[in-house]
Amino acid sequence: MELVDRLKILTAGARYDASCVSSGSRRKKAGGSMGICHSWTEDGRCVSLLKILQTNDCIYNCRYCVHRTDTDGPRTSLSAREIAELTVNFYRRNYIEGLFLSSAVRGSPAQAMETMLASVKILREEYKFPGYIHLKGIPGVDESLLKKAGYFADRMSVNIELPSAESLKKLAPQKKPADIFNPMHFLEKNRREEKGFLGAGQSTQLIIGASPESDREIISLASYLYGKFSLSRIFYSAYMPTGDPRYIPGVQNPPLLREHRLYQADWLFRFYHFSFDEIIPPGQNDLETELDPKSAWALRNFWFFPVEVNQASYRELLKIPGIGPVSARRIIKARKERTLDFSHLKKLGIIMKRACFFVTCGGRRIPGLPSDPDHIRPFLTMPVSRPRQPRLFAPPGGERF
Amino acid sequence: MKELVYDGSFPGFLTVLGKALTEKGEIQIWSEDEYRPSLFGTAQKVKADLDFALEFKKKLVFDFPEPVYRPVLYAYLAEEEGTGNLVFDFLHKLKRKEAVFAHRVGELCQGVTREKVRMLGFVRFRKVESGYFYASIRPKYNIIGLLAPHFASRQANHQWVIHDLDREMAVLGREKDWEIKPLPPIKFPEDIAEEEIQKLWREHFKALSVPGRINRKRQNNLVPRRYWPHLTEKG
Ligand code: SF4
């Protein structure tokens, strides 16, 4: 097959992967700044990396995956040299900032990983490639291969995909939990011990909606993972119904709204100082779909409000719907100079449409607003962000809710 | 009213601003190109003085409530008619601790920053016959000098050129150095491998989109039309 045809197939095979994010590279100085968007795809996603599979030829039969042995699409590969040349040629022309290389399991996990390693080795050693490299770790590979990979790559991800051992057994019978968690532990250990090893850390991905786990189970797994590994982030990926319907019945459309809510919950956990129980209270299994998890918390805990913006601590400010870390810091800075009133809040970038129900300024509320949760609720659900574009990447950095 | 006229260069710009801030009374600042003699003013030419300009640059960083060198430079690069007066007004107010809320200089600075950041991603190099990497752009603002440091470290191992076709200026980079030179809009013949690589990129780009989720409006917002002619993937 011609190079261009293989490129098309292996790009299409990689596009469901969540990760256009490239940041925190240790090669920042040599390679220019990361996180530059070079273009936007027709469906509105940022392009900054050559995102591609080494091969889509797989010996495994994971039920959720388009590349499983059961399917009969064309199988093809790119050689290590081809990957390296594509990357350098694209990089020099400023099409991309780097490479995001993934692979199906061709031959054996070790063989697949070795081919990927060969690609990045040529890049780094022969072409002195200074750009960003994100490499997928294949479950079940040897530590020696992971070790080498960690020197060439800025970031690696070993994808957990299925949020429980049971689902893994059912939907990816050839993979064992240890095949995934051992490499993650190994990478973590090396990263702690050695500076420069995986400068941009490791990440992982969970598929949402291919298996029966509740939001509660997923968030609890996520909080466990964040505690256990210094993960740069977890990607949540709504299941695209391209798997085997005999095993994953009844999914018509990818659950994009659910994915979106999980990202919001993840943000509350990482940047808003919310605890696991605050995000999803004991006894509740799923996040509300109608409300973002922060507003939902606020309505459940209405006794907490109103918060006086001129006095509240940083963490208290973060609990107010419509105020995020940036605006909370602005409030703290601005109120040193003067007592804030409602017009100031607007200028500081607070989303008053949401915050107005929950704050006082100098002891006063905006008159005429409802003051019980049931009446406030409709105001907060109104601008529900329709499940937008597939959120194959996380909500943008500045998102406040 | 006093009218100060500078030569249009950036050192000239800094010189005239520095001088103007020490003057009393009403003042207008024009570049030679902008200046139209008026009946009532007394025009005075201010010669660019490099040492004075450097001194003044330091003042912009240290003598104001916040460093303002960047807004001054960026407003200059925006090349708007009457920038001299705008920036003078901005600095004058800051000096007297007046409110400069939503000042045009701030807007220009944001506009230039936005275009620069966008352009870091949108510049597209093509290998040309003589072996270096060439990119042509038509930015709204005069930003090639702002792009240069980024590409000088990024493209360190080969020669490169970014050509501003409208201003007929180019940054030429080799190793870690770069310089800005005049360059008329000429066409450079491409290297033979170029067509194939561009095709690969276009196909990769196309294949990245999930079919059925095309969102033209969003895409046009993110990649404004005016940049399209220079983007390989839109070719
Ligand atoms: S191993 Fe990877 S590529 Fe192969 S079927 Fe499973 S998920 Fe798909």
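All residue numbers refer to positions counted from 1 along the written sequence of the respective chain. Chain letters start at A and ligand numbers start at 1, both assigned in the order the entries are written. The predicted nature of this model means local features are confined to residues of pLDDT at least 70 and side-chain atom pairs, given and counted, to a pLDDT of 80 or more, with totals for whole chains, interfaces and linings taken over all residues. Just so you know, side-chain values use all the structure's heavy atoms and leave hydrogens and water out.

Categorising residues by exposure relies on relative accessible area from a 1.4 Å probe, with only protein chains included: less than 20% of the type maximum marks a residue as buried, more than 50% marks it as exposed, and the intermediate range marks it as partly exposed. Strands are runs of DSSP state E lasting at least two residues, helices are runs of H or I lasting at least four, and both sets are numbered from the N terminus onward. Within helix H6 (residues 144-154) of chain B, eight of the eleven residues are buried, leaving the element largely enclosed by the surrounding structure. Along H6 of chain B, the residues that are buried comprise Ile144, Leu146, Leu147, Ala148, His150, Phe151, Ala152 and Arg154 of chain B.

Here we come to the packing of helix H3 (residues 80-92) of chain A against helix H7 (residues 194-208) of chain B. Structural elements are reduced to axes, namely lines fitted to C-alpha atoms, with helices fitted over the stretch in contact, and the angle between N-to-C directions of any two is expressed from 0 to 180 degrees. Relative orientation of the contacting elements H3 of chain A and H7 of chain B amounts to 95°, with a least axis distance of 11 Å. Classified by the angle their axes make, H3 of chain A and H7 of chain B are roughly perpendicular. Facing H3 of chain A, whose interface residues are Leu86, Asn89 and Phe90 of chain A, H7 of chain B presents Ile197, Leu200, Trp201 and His204 of chain B. Split into classes, the residues belonging to the contact of H3 of chain A with H7 of chain B amount to five nonpolar, two polar and no charged. An angle below 35 degrees is read as roughly parallel, one above 145 as roughly antiparallel, one from 65 to 115 as roughly perpendicular, and any other as oblique. Contacts are assigned to residue pairs that have any heavy atoms within 4.5 Å of one another. Just so you know the grouping, Ala, Val, Leu, Ile, Met, Phe, Trp, Tyr, Cys and Pro go in nonpolar, Asp, Glu, Lys and Arg go in charged, and all remaining residues, Gly too, go in polar.

Here we come to the confidence of the model for chain A. Predictor confidence is given residue by residue as pLDDT, running from a minimum of 0 to a maximum of 100. Mean pLDDT over chain A stands at 88; residues scoring 70 or higher make up 90%. Predicted confidence is poor over residues 18-33 of chain A, with pLDDT under 50, and the contacts of this stretch with residues over four places away or in other chains come to 57 contacts.

With that out of the way, let us pick up the packing of helix H4 (residues 83-95) of chain B against helix H5 (residues 104-122) of chain B. Axis separation between H4 of chain B and H5 of chain B bottoms out at 9 Å; the angle between their running directions is 115°. Residues Leu86, Val87 and Phe90 of chain B of H4 of chain B pack against Arg104, Val105 and Leu108 of chain B of H5 of chain B.

The next subject is the domain arrangement of chain A. For chain A, the domain assignment lists domain 1 (3-246) and domain 2 (293-380). Just so you know, the domain bounds were taken from an automatic or database domain assignment. The C-alpha centroid of domain 2 of chain A is placed 40 Å from the C-alpha centroid of domain 1 of chain A.

This brings us to the site of the ligand. Being near a molecule or strand, for a residue, means having at least one of its heavy atoms within 4 Å of it. As a structural note, the neighbourhood of the ligand is formed by Cys58, Tyr60, Cys62, Tyr64, Cys65, His67, Arg68, Ala104, Val105 and Lys175 of chain A. Residues of the shell around the ligand, tallied by class, amount to seven nonpolar, one polar and two charged.

Glancing now at the environment of Leu162 of chain A. Here Leu162 of chain A is to be found in the loop between strand S6 (155-157) and helix H6 (165-171). The spatial distance from the C-alpha of Leu162 of chain A to the C-alpha of Pro321 of chain A is 32 Å, given a sequence separation of 159 residues.

It is worth spelling out the sheet that holds strand S3 (residues 49-53) of chain A at this point. Residue and element names in this part refer to chain A. The strand order across the open sheet formed by six strands is S3-S4-S5-S6-S7-S8, and the pairing between neighbours is parallel. Two strands lie at the open edges of the sheet, namely S3 and strand S8 (233-238), each paired on one side alone. Geometrically, the sheet is characterised by an average inter-axis angle of 20° between neighbouring strands, direction not taken into account. Two strands qualify as a pair provided DSSP detects at least 2 bridges between them. Examined bridge by bridge, strand S7 (residues 202-208) and S8 share six bridges and lie parallel to one another. Bridge pairing links Ile208 to Ala238 in S8. Each of strand S4 (98-102), strand S5 (132-136) and S6 touches helix H4 (residues 109-126); the most contacted strand, S5, lies at about 170° to it.

All names here are of chain A. Cysteine sulfur atoms are paired as a disulfide whenever they fall within 2.5 Å. Under the criterion given, the structure shown has one disulfide over all chains. Between the sulfur atoms of Cys37 and its disulfide mate Cys46 the distance is 2.3 Å. The disulfide joining Cys37 to Cys46 has a torsion of about -115° about its S-S bond and is therefore left-handed. Here Cys361 stays unpaired: no disulfide links it, and the sulfur of Cys356, its closest cysteine neighbor, is 11 Å away.

All names here are of chain B. Along its sequence, chain B is carved into domain 1 (2-110) and domain 2 (123-234). Look at where the C-alpha atoms of domain 1 and domain 2 centre, and you get two points 33 Å apart. With five residues of domain 1 in contact, the opposing surface of domain 2 contributes four residues. Put simply, buried area is the surface a 1.4 Å probe can reach on two separate parts but cannot reach once they are joined, added for both. If you sort the residues of domain 1 by the area they bury against domain 2, Leu77, Ala78 and Glu79 come out on top, with a joint share of 75%. Criterion for a salt bridge: a side-chain nitrogen of Lys or Arg within 4 Å of a carboxyl oxygen of Asp or Glu. For the interface between domain 1 and domain 2, the tally reads one salt bridge. The definition of a polar contact used here is a pair of N or O atoms within 3.5 Å, where within protein one atom must be able to donate a hydrogen and the other to accept one, and adjacent residues in sequence count solely through side-chain atom pairs. Across the domain 1-domain 2 interface, the total number found is three residue pairs in polar contact (both at pLDDT 80 or more). The class makeup of the residues in the side of domain 1 that touches domain 2 is four nonpolar, no polar and one charged.

A word on the nonpolar core. Buried Ala, Val, Leu, Ile, Met, Phe, Trp, Tyr and Cys residues form a nonpolar core when they are joined through side-chain atoms within 4.5 Å. Core analysis: the largest hydrophobic core is formed by 118 residues, its most contacted members being Tyr64 and Phe358 of chain A. Those residues in contact with Tyr64 of chain A, other than ones at most four positions away along the chain, are Glu161, Leu162, Leu171, Ala172, Lys175, Ile207, Ala210, Tyr239, Thr242, Gly243 and Ile248 of chain A. Listed in part, the 62 residues of the second largest apolar core include Phe10, Phe56, Leu60 and Val112 of chain B.

Attention shifts here to the interface of chain A and chain B. Frequently, the measure chosen for interface size is the accessible area that the parts lose on association. Contact residues are listed per partner, giving 43 residues for chain A and 41 residues for chain B. Carbon and sulfur atoms supply 58% of the area that chain A and chain B bury against each other, a total of about 3,900 Å² over both sides. Sorting the residues of chain A by area buried against chain B places Glu42, Arg93 and Tyr95 of chain A first, and these three jointly supply 21% of that buried surface. At the junction of chain A and chain B, the tally comes to three salt bridges. Here Arg154 of chain B ties to Glu97 of chain A by a salt bridge, and the two come within 3.2 Å at their closest N and O atoms. The interface formed by chain A and chain B contains 14 residue pairs in polar contact (both at pLDDT 80 or more). Contributing elements (two or more residues each) for the side of chain A that touches chain B: helix H1 (3-14), helix H2 (28-31), strand S1 (39-40), S3 and H3 of chain A. Across the side of chain A that touches chain B, the residue classes break down as 21 nonpolar, eleven polar and eleven charged.

Below, the discussion takes up a negative patch on the surface. Note on patches: the residues involved have over 30% relative accessible area and no salt bridge, like charges join within 9 Å, and the nonpolar side chains Val, Leu, Ile, Met, Phe, Trp and Tyr join within 5 Å. Note on areas: these come from Shrake-Rupley sampling with a 1.4 Å probe, and a residue is covered only by the protein chains present in the view. His is not counted, nor are the chain ends, whereas Lys and Arg count as positive and Asp and Glu as negative. Taken as the charge centre is NZ of Lys, CZ of Arg, CG of Asp or CD of Glu, depending on the residue. A cluster of like negative charges, contributed by Glu2 and Asp5 of chain A together with Glu195 and Glu196 of chain B, occupies part of the molecular surface. Tracing the backbone shows Glu196 of chain B in helix H7.

Attention now moves to the side chain of Ser214 of chain A. Among the structural elements, Ser214 of chain A can be located in the loop between S7 and helix H8 (215-228). Setting aside residues no more than four positions away along its own chain, Ser214 of chain A makes contact with Arg258, Asn285 and Asp286 of chain A.

Residues and elements named next belong to chain B. The span you would expect from a helix comes to 1.5 Å times its residue count less one. Taking 1.5 Å as the rise per residue, helix H1 (residues 10-22) with 13 residues should run 18 Å; its terminal C-alpha atoms sit 19 Å apart, in good agreement. Buried residues dominate H1, accounting for ten of its 13 residues. For H1, every residue scored as buried is listed here: Phe10, Gly12, Phe13, Leu14, Thr15, Val16, Leu17, Gly18, Ala20 and Leu21. On its buried face, H1 is in contact with strand S1 (2-6), strand S2 (27-31), helix H2 (50-62), helix H3 (69-78) and H4. By the N-cap criterion, in which a side-chain oxygen at the helix start approaches the backbone nitrogen of a residue two or three places on, H1 is capped by Ser9, the distance to Gly12 being 3.0 Å.

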